[in-house]
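Geometric and topological summary
Spelled out from the first residue to the last, the chains are:
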Amino acid sequence: MAKCAVCDKSVHFGNQVSHSHRRSNKIWKSNIQKVKVKTGPTSAKKMYVCTNCLRSGKVERA
């Protein structure tokens, strides 16, 4: 599974609890995109970045 190159966000594991309180395994996948990102004034690189980092402006698209 991919991990965000900026904030290291990846999948989260836990329990899904039903109304009768039975538990089953649950995976929450973060929204990670493969994006072309500016790394320098003239260079660009493809990285895995979560949409939260894209919207907040931590990363600039090339």
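Preceding this paragraph is the structure being described.
1. Topic: the overall build of the protein
Broken down by element type, the protein carries 1 helix and 4 strands. Going from N to C terminus, the protein has its helices and strands arranged as β-β-β-β-α. Against the compact-globule benchmark of 11 Å for 62 residues, the protein has a radius of gyration of 16 Å, which places it well outside the compact range. Projecting the C-alpha coordinates of the protein onto the three principal axes gives extents of approximately 55 × 20 × 15 Å. When contacts within the protein are restricted to residue pairs at least 6 apart in sequence, long-range pairs at least 24 apart make up 26% of them. Carbon and sulfur atoms form 46% of the exposed surface of the protein, whose accessible area is close to 5100 Å².

2. Here's the deal with the nonpolar core
Cys4, Ile32, Val35, Val37, Val49, Cys50, Cys53, Leu54 and Val59 together form the largest nonpolar core, which totals 9 residues. For this core, the secondary-structure elements that each account for two or more residues are strand S3 (32-38), strand S4 (44-50) and helix H1 (51-56). Of all the elements, S3 adds the most residues to this core, at 3 residues. Discounting residues that sit within four places of it in the chain, Ile32 has contacts with Ala2, Lys3, Cys4, Lys9, Ser10, Tyr48, Val49 and Cys50.

3. Quick look at the pattern of salt bridges
Following the criterion strictly, the structure yields 1 salt bridge and no others. Lys38 serves as the salt-bridge partner of Glu60, at 3.5 Å between the closest nitrogen and oxygen. Here Lys38 lies in strand S3 and Glu60 lies in the segment after H1, a separation of 22 residues in the sequence. Using a relative accessible area of 43% as the deciding quantity, one classes Lys38 as partly exposed.

4. Here we look at the state of the cysteines
Each disulfide consists of a covalent bond between the sulfur atoms of two cysteine residues. The final tally for this structure, using the stated rule, is 0 disulfides. Here Cys4 is not disulfide-linked; the sulfur of Cys7 is the nearest cysteine sulfur, at 3.6 Å.

5. Section: the environment of Asn52
Here Asn52 lies in helix H1. Sequence spacing of Asn52 and Asn25 is 27 residues, and the spatial spacing of their C-alpha atoms is 25 Å.

6. A look at the side chain of Ser30
Residue position: Ser30 is located in the loop between strand S2 (23-28) and S3. From its side chain, Ser30 meets the backbone oxygen of Ser10 in a polar contact 3.4 Å long. Setting aside its immediate chain neighbours within four residues, Ser30 contacts Lys9 and Ser10.

Reading the values: the criteria
Residues numbered from 1 in each chain as written. Predicted model: local features only at pLDDT ≥ 70, side-chain atom pairs only at ≥ 80, totals over all residues. Heavy atoms only, no water. Helix = DSSP H or I, 4+ residues; strand = E, 2+ residues; numbered from the N terminus. Rg over C-alpha atoms; globule rule 2.2 N^0.38 Å. Contact = heavy atoms within 4.5 Å. Areas by Shrake-Rupley, 256 points an atom, 1.4 Å probe, with all protein chains shown as cover. Core = buried A, V, L, I, M, F, W, Y, C linked by side-chain atoms within 4.5 Å. Buried < 20%, exposed > 50% of the residue type's maximum accessible area, 1.4 Å probe, protein only. Salt bridge = Lys/Arg side-chain N within 4 Å of Asp/Glu carboxyl O. Disulfide = S-S within 2.5 Å. Polar contact = N/O pair within 3.5 Å; in protein donor to acceptor, adjacent residues only side chain to side chain.

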